[in-house]
Amino acid sequence: MDHHVRKKNSNKSTKQISFSIDTHELDHHDHKHGFLKNTHQRDHVDVTDDELVPLPVYIVNGVFFTLFFSVAYFLLHRWREKIRNSTPLHVVTFSEIAAIISLLASIIYLLGFFGIDFVQSFITRSSSYDLLLEDEIEEEEENQKQFEQQQQHSIVSCSPQPPQPNKMMIDSSASSLITIYDEKDEEIIKSVVDGETPSYSLENKLGDCKRAASIRREALQRMTGRSLDGLPLDGFDYESILGQCCEMPVGYIQIPVGIVGPLLLNGVEYSVPMATTEGCLVASTNRGCKAIFASGGATSILLKDGMTRAPVVRFGTSKRAAELKFYMEDPVNFDTLACMFNKSSRFGRLQGVQCAIAGKNLYMRFRCSTGDAMGMNMVSKGVQNVLDYLQNDFPDMDVIGISGNFCSDKKPAAVNWIEGRGKSVVCEAIIKDEVVRKVLKTTVASLVELNMLKNLTGSAIAGALGGFNAHASNIVSAVFLATGQDPAQNIESSHCITMMEAVNDGKDLHISVTMPSIEVGTVGGGTQLASQSACLNLLGVKGANKESPGSNARLLAKIIAGSVLAGELSLMSAIAAGQLVKSHMKYNRSSKDVSSIVASS
């Protein structure tokens, strides 16, 4: 609490005494306790005088500051002369006595003005803290009473939890799993727990996808006795995945998205999103992008574009299976087959059919263009149309399955490595020797030797199938997750052979990646979700390209190949320079437990 007392005498018959008490802190305290309603009140006791006005405080402070420094400088100057002239310091003149008195007076004033104010403000803060502490204690006691009342109400209103069918042990936090719902939701939860209402039918029954997910989540927690507190529920559009991406949702997973780039590819710069939980991956790929950019960029070329589906049919004899094989591969019949196939879609166009026989079983591998969609459903519809047509001329044909694994989808297969599936892309760059040394911290000769012994010879010894690379699947998976691709198709999409060669008289490095089966799309599936759609928009490939159908998906495949090139270049350089273990120990060894932070956010 600040007190300012100002007094001034005059030669006139009257005197004015102005006494002001600043009650700002008092008002704040009393307002909280209901004693005073108005803030910044002042109590004044005035004796009238219409002429006397006190000097402003800043002028008085300026006078004493000037006096302090002036006399201090004067005394120091005088004492220095006495020391030089061997004059005793205790012998002082009248001017020096006046200077010493002025110095002491100014010190006393400044200490009194600033020191007392500091002490009083400290005391005020301490008292205010005590008052706030008392208020917090009272508020905490009131909250505790309300919490106990809610607990008593929940015990009365909640229905008893049904017995566990497997008698699973419930952990110590099981008591916190039950959330208070209204009567209608509580009845639905109980019916799901009792098995009366199928969990998968909640969306259709309720007509509210978010509410269905919440009820399903609560029922799951009660049935298992396990908490899902760390799994986010709010902040997601559950309507967008209904009948498209995921069934029976109870929440969603958080995966951080990093950006690498600029990736200079075919003369255009791209900022590439990568969703991953692996430390160093984004940083390493970004370093590769930097090296490519400093060397003039990379070139990416599309070799093929065709999705495949291979049904398996069976005949009574191998002869009949061979007859159908010859019919399917005869160029004379291609137009008829293409006409039947193309009826299923505006964008699906049959490109060719490749057949293989195993005894009396025939596998027919259809390949078609699919526009900007990844195209699995599109090609399957077309294949079904052709099978229905063939049934007329080959009534003894027994269709065993629409997919006979000769496609081959979501499995490592030599047919994809050799023939390709989806987008087949090759990407190359020439990295200058100076960039290899300064940015990648290694040499061209070391990289060429390591690539031969690791990616080529080592993979051959291991019997690798399409795995003649350092870590192509790392980059493919991260970009797939960020852009809404099918993550399971990372298997064949990561088929890659990395080549390195010294060029320009051995000074520079030529590096290339050849990827025959990148399976991506920019429409359908997870590409329509808000987050993934935003990442596609960042790359400039969101949705279907109306002017040139399929060009967005093809560009995405080229960007992925360019990103793989950057990742291969950086990782191989880290291994050649002996930096791999050091970097991972530095950036990927955090022991921090963030589960509690995620649960509370």
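Cut-offs applied
- Residues numbered from 1 in each chain as written.
- Predicted model: local features only at pLDDT ≥ 70, side-chain atom pairs only at ≥ 80, totals over all residues.
- Heavy atoms only, no water.
- 1 Å grid on protein atoms, 1.4 Å probe; cavity = no way out; pocket = protein on both sides within 12 Å on 5 of 7 lines; lining within 4 Å.
- Points joined across faces, edges and corners; volume = space filled by probe spheres on them.
- Helix = DSSP H or I, 4+ residues; strand = E, 2+ residues; numbered from the N terminus.
- Nonpolar A, V, L, I, M, F, W, Y, C, P; charged D, E, K, R; others polar.
- Buried < 20%, exposed > 50% of the residue type's maximum accessible area, 1.4 Å probe, protein only.
- Contact = heavy atoms within 4.5 Å.
- Pairing = 2+ DSSP bridges.
- Expected span 1.5 Å × (residues − 1).
- Polar contact = N/O pair within 3.5 Å; in protein donor to acceptor, adjacent residues only side chain to side chain.
- Salt bridge = Lys/Arg side-chain N within 4 Å of Asp/Glu carboxyl O.
- pLDDT = per-residue confidence, 0-100.
- Core = buried A, V, L, I, M, F, W, Y, C linked by side-chain atoms within 4.5 Å.
- Patch = residues over 30% accessible without salt bridge, like charges linked within 9 Å, V, L, I, M, F, W, Y side chains within 5 Å.
- Areas by Shrake-Rupley, 256 points an atom, 1.4 Å probe, with all protein chains shown as cover.

**Some remarks on the layout of surface pockets**
So, point 1. Considering only enclosed or pocket space, the largest pocket measures out at about 1,500 Å³ in volume.
So, point 2. When contributions to the lining of the largest pocket are tallied by element, the ones reaching two or more residues are α10 (376-393), α14 (472-483) and α16 (530-539).
So, point 3. Within the lining of the largest pocket, the residues separate by chemical class into 23 nonpolar, 19 polar and 7 charged.

**Observations concerning the environment of A472**
So, point 1. Among the secondary structure elements, A472 is positioned in helix α14.
So, point 2. Its relative accessible area of 0% is what places A472 among the buried residues.
So, point 3. Spatially, the C-alpha atom of A472 lies 9.1 Å from that of T498, the residues being 26 residues apart in sequence.
So, point 4. Discounting chain neighbours no more than four positions away, the residues touching A472 are S494, C496, V564 and E568.

**Observations regarding the pairing of strand β14 (residues 508-518)**
Side chains on a regular strand alternate between the two faces of the sheet.
So, point 1. Of all 11 residues that make up β14, 10 are buried, and the element is covered over most of its length.
So, point 2. Bridge count between strand β11 (residues 422-431) and β14: 8 bridges; the pairing is antiparallel. Paired with I430 across the bridge in β14 is H510.
So, point 3. Taking the residues that link successive antiparallel strands as the turn, the strand β13 (residues 496-503)-β14 hairpin has 4 residues, and the phi of N504 there is positive, at about 55°.

**As for helix α6 (residues 209-224)**
So, point 1. In this model, α6 (16 residues) spans 22 Å end to end at C-alpha, consistent with the 22 Å of a helix rising 1.5 Å per residue.
So, point 2. Residues of α6 that are buried: C209, A212, A213, S214, I215, R216, R217, E218, A219, Q221 and R222.
So, point 3. Residues of α6 that are buried make contact with α4 (183-193) and α5 (202-206).
So, point 4. Sitting at the amino-terminal end of α6 is D208, which places a side-chain oxygen 3.2 Å from the backbone nitrogen of K210.

**Here we look at the pattern of salt bridges**
So, point 1. This structure, assessed with the given rule, holds 18 salt bridges.
So, point 2. The partner of D234 in a salt bridge is K210, and the shortest N-O contact between them spans 2.7 Å. Taken together, the residues span a long stretch of sequence, with D234 in the loop between α6 and β4 (257-265) and K210 in helix α6 at a distance of 24 residues.
So, point 3. Judged by its relative accessible area of 51%, D234 falls in the exposed class.
So, point 4. The partly exposed category is assigned to K210, whose relative accessible area is 32%.
So, point 5. Close ionic contact of D305 with K423 constitutes a salt bridge, the shortest N to O distance being 3.2 Å. Here the residue D305 occupies a position in strand β6 (residues 299-309), and K423 occupies one in strand β11, the gap between them amounting to 118 residues.

**Digging into the confidence of the model for the chain**
So, point 1. Mean pLDDT over the chain stands at 82; residues scoring 70 or higher make up 76%.
So, point 2. Here residues 1-53 is modelled with pLDDT under 50, and outside its nearest four sequence neighbours on either side it reaches 63 contacts, counting other chains as well.
So, point 3. In this model residues 124-133 is a low-confidence stretch, pLDDT under 50, and it forms 5 contacts with partners more than four residues away in sequence or in other chains.

**A few points about the nonpolar core**
So, point 1. Residues I431, I560 and V564 are the most contacted members of the largest nonpolar core, which totals 51 residues.
So, point 2. In terms of residues, this core owes the most to one element, helix α17 (residues 551-576), which gives 11 residues.
So, point 3. If you look at the next biggest cluster of nonpolar residues, it comprises 27 residues, including F315, M328, V383 and L390.

**Regarding a nonpolar patch on the surface**
So, point 1. Nonpolar side chains collect at one region of the surface, where L76, W79, I83, L89, V92, I97, I100, I101, L104 and I108 lie side by side and expose about 940 Å² of accessible area between them.
So, point 2. Looking at the nonpolar patch, the elements with two or more residues in it are α2 (57-85) and α3 (94-157).
So, point 3. For the nonpolar patch, the element with the highest residue contribution is α3, accounting for 5 residues.
So, point 4. If you trace the backbone, L89 turns up in the loop between α2 and α3.
So, point 5. Look at L89 and you get partly exposed, because its relative accessible area is 47%.

**Section: the pairing of strand β5 (residues 268-275)**
So, point 1. Bridging between β4 and β5 involves 7 bridges; their strand directions are antiparallel. Within the sheet, the bridge partner assigned to L265 lies in β5 and is V268.
So, point 2. Following β4, the chain reverses through 2 residues before pairing antiparallel with β5; N266 in that reversal takes a positive phi of roughly 55°.

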